[in-house]
Amino acid sequence: MDNKITIEQLKKPEFLESAKKRLDDILNYDSGKEARDFAYDLEKVLKENPDFEKASPDLYNQYQDLIVKLKLVGLQFLKDEEIVPVLKDHFSIMLLSFPPVTNDIVDKLRAHLVGIPVYEERDTLKGEIMKILVESQETITTNNLRDENGIGQPPTIANWIKDYLRETQGPEDESLKLIMYLTNARGKMNLSDKEADALKSFLSLYEFLRHSSLTPEGLEESVLFSEDGLLKILRQGQVEVIGPAGG
C-alpha cells in the first residue's frame with residue numbers, strides 16, 4: 001500500500017479487502033506500532049472527508065470497525081486519552097476474535113502504563129478502565145448465570161465479575177482463588193475453550209486493575225535490588241532470587 005492513503009482509495013471495495021488482509025497479518029504477528037500507524041492513517045482520511053460517511057455508510061462503518069481493531073492491537077502505543085474509548089464496548093472483540101498471541105490486554109496495558117512516569121496518573125487510568133469493565137454489558141459466554149437468589153442473569157462481563165466476587169470471598173491467596181473459580185465455572189457453565197480463555201483474561205484484567213501502581217503488587221516495572229547478599233528482582237508482586245550480589 002502507498003504510505004499516503006487517499007479518499008479515492010477508500011471508496012474502492014478492493015482497497016477495503018486489502019486493508020482487512022493487512023489487519024489479518026498484523027493480528028498474526030501482533031504488530032502493535034504498525035497497527036496504530038495504519039489506524040491513524042485511516043482515521044485521518046475519514047476526518048478530512050466528512051461527506052464519505054453519508055455517501056458510503058457501509059464502507060464507512062467497515063473502516064471504523066477496522067480502526068477499532070487496529071487500535072486494540074496497538075493498545076500500548078496509543079495516547080492515554082484513547083485507551084478508554086477504544087476498550088469501551090470492545091472487550092469481546094479482543095477476547096473472542098483475536099488470536100492468543102495478540103489478545104493479552106493486561107500485557108498491552110502494562111506496557112502502556114510503564115510509559116506514564118507518575119504512578120498516580122497510572123492509577124487514574126486503571127480506575128477509568130475498571131469502571132467500564134465492571135459496567136460492561138458485553139456478552140462473552142452462552143449460558144445464563146445465576147445470582148444469589150438463583151435467578152438467571154445474562155452472562156455479561158459485569159455479571160461475571162459480580163459472580164466472581166461473590167464466589168471468591170475469603171482469605172485465600174488471590175491467584176489460587178482465581179484458578180479455583182475458573183475451574184468451577186468451566187464445569188458448572190459448560191464453557192467452551194474460547195469462552196473459558198475469555199473469562200480468564202478479563203478476570204485477570206480485573207485483578208490487575210485492582211492493584212495500585214504505588215504497591216509492589218501493582219507496580220508495572222520489574223525492580224532489581226540487592227538484599228542479604230543476594231541479587232533479587234521484584235516482578236508483579238513476586239520476589240525472585242537471581243543469584244549472589246556482585247562484590
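Residues numbered from 1 in each chain as written. Predicted model: local features only at pLDDT ≥ 70, side-chain atom pairs only at ≥ 80, totals over all residues. Heavy atoms only, no water.

### Details of the environment of Thr-124
Counting through the fold element by element, Thr-124 comes out in helix H9 (residues 119-134). Take Thr-124: its relative accessible area is 47%, and that puts it in the partly exposed class. Spatially, the C-alpha atoms of Thr-124 and Glu-227 are 32 Å apart, while their sequence positions differ by 103 residues. (Helix = DSSP H or I, 4+ residues; strand = E, 2+ residues; numbered from the N terminus. Buried < 20%, exposed > 50% of the residue type's maximum accessible area, 1.4 Å probe, protein only.)

### Considering the pattern of salt bridges
Overall, the coordinates contain 20 salt bridges when judged by the stated rule. Note that Lys-71 is salt-bridged to Glu-82, the shortest N-O span being 3.2 Å. With Lys-71 in helix H5 (residues 57-73) and Glu-82 in helix H6 (residues 80-87), this pair connects stretches of sequence that are 11 residues apart. Just as Lys-71 is buried, Glu-82 falls in that class too. For the salt bridge of Glu-220 with Arg-122, the shortest nitrogen-to-oxygen distance reads 2.8 Å. (Salt bridge = Lys/Arg side-chain N within 4 Å of Asp/Glu carboxyl O.)

### Some points on helix H11 (residues 174-189)
Taking 1.5 Å as the rise per residue, H11 with 16 residues should run 22 Å; its terminal C-alpha atoms sit 22 Å apart, in good agreement. Considered for burial, the residues of H11 that qualify are Lys-177, Leu-178, Tyr-181, Leu-182, Ala-185 and Met-189. Projected onto a plane normal to the axis of H11, the buried residues spread over an arc of 130° and lie on a single side. Along H11, the residues that are exposed and aim more than 90 degrees away from the buried face are Ile-179, Thr-183, Asn-184 and Gly-187. (Expected span 1.5 Å × (residues − 1). Arc of directions from axis to C-beta.)

### Examining unusual backbone geometry
Residues other than glycine seldom take positive phi values, yet Asp-89 does so here, at roughly 70°. Relative to the assigned elements, Asp-89 resides in the loop between H6 and helix H7 (91-97). Here the phi dihedral of Asp-228 falls at roughly 55°; this positive angle occurs in a residue that is not glycine.

### Quick look at the packing of H11 against helix H12 (residues 193-210)
For the pair H11 and H12, interaxial distance at closest approach is 11 Å and the crossing angle is 155°. Put simply, H11 runs roughly antiparallel to H12. As H11 packs across H12, the resulting crossing turns out to be right-handed. In this structure, H11 contributes Glu-174, Leu-178, Tyr-181, Leu-182, Ala-185 and Arg-186 to the contact, and H12 contributes Asp-193, Ala-196, Leu-199, Lys-200, Leu-203, Ser-204, Glu-207 and Arg-210. (Axes fitted to C-alpha atoms, helices over the stretch in contact; angles between N-to-C directions. Parallel < 35°, antiparallel > 145°, perpendicular 65-115°, else oblique. Left-handed = near helix turned anticlockwise from the far one by under 90°. Contact = heavy atoms within 4.5 Å.)

### Structural notes on a negative patch on the surface
The grouping of Asp-80, Glu-81, Glu-120 and Glu-121 at the surface amounts to a negative patch. Elements with a contribution of two residues or more to the negative patch: H6 and H9. Relative to the assigned elements, Glu-81 resides in helix H6. (Patch = residues over 30% accessible without salt bridge, like charges linked within 9 Å, V, L, I, M, F, W, Y side chains within 5 Å. Areas by Shrake-Rupley, 256 points an atom, 1.4 Å probe, with all protein chains shown as cover. Lys, Arg positive; Asp, Glu negative; His and termini not counted. Charge placed at Lys NZ, Arg CZ, Asp CG, Glu CD.)

### A few points about the environment of Lys-162
Of note, Lys-162 is situated in helix H10 (residues 157-167). For the pair Lys-162 and Val-134, spaced 28 residues apart in sequence, the C-alpha separation works out to 8.3 Å.

### What to know about the nonpolar core
Core analysis: the largest hydrophobic core is formed by 67 residues, its most contacted members being Leu-10, Leu-42, Tyr-63, Trp-160 and Phe-202. Once residues lying within four places of it in the same chain are set aside, the contact partners of Trp-160 are Ile-140, Thr-141, Leu-145, Pro-155, Tyr-181, Ala-185, Met-189, Leu-191, Leu-199 and Phe-202. (Core = buried A, V, L, I, M, F, W, Y, C linked by side-chain atoms within 4.5 Å.)

### Concerning the pairing of strand S5 (residues 238-244)
Across six bridges, strand S4 (residues 230-235) lies against S5 in antiparallel orientation. The partner of Arg-235 across the bridge, within S5, is Gln-238. (Pairing = 2+ DSSP bridges.)

### Considering the sheet that holds strand S3 (residues 223-227)
Reading across the sheet, the three strands line up as S3-S4-S5 and stay open at both edges, with antiparallel pairing between neighbours. Whereas interior strands pair on both sides, the edge strands pair on one side only; in this sheet they are S3 and S5. Between one strand and the next, the sheet's axes are offset by a mean angle of 30°, whatever the strand orientation.

### Quick word on the packing of aromatic side chains
Within the structure shown, the criterion is met by five aromatic pairs. With centroids separated by 5.1 Å and ring planes inclined at 75°, the aromatic side chains of Tyr-164 and Tyr-181 adopt a geometry described as edge-to-face. Note that Tyr-164 is positioned in helix H10 and Tyr-181 in helix H11, a separation of 17 residues in sequence. Owing to a relative accessible area of 1%, Tyr-164 belongs among the buried residues under this scheme. Ring centres of Tyr-164 and Tyr-206 lie 6.4 Å apart, and the angle between their planes is 85°; on these two criteria the pair is classed as edge-to-face. Of this pair, Tyr-164 sits in helix H10 while Tyr-206 sits in helix H12, and the two are 42 residues apart along the sequence. The two residues Tyr-164 and Tyr-206 agree in class, both being buried. Within the aromatic cluster, the residues linked to one another by ring pairs are Trp-160, Tyr-164, Tyr-181 and Tyr-206. In this structure, Arg-22 packs its charged tip against the face of Phe-38, placed 4.0 Å from the ring centre. Between Lys-79 and the ring centre of Tyr-40, over which it is positioned, the NZ or CZ distance is 5.8 Å. (Phe/Tyr/Trp six-rings, centres within 6.5 Å; stacked < 30°, edge-to-face > 60°. Lys NZ or Arg CZ within 6 Å of the ring centre and 35° of its normal.)

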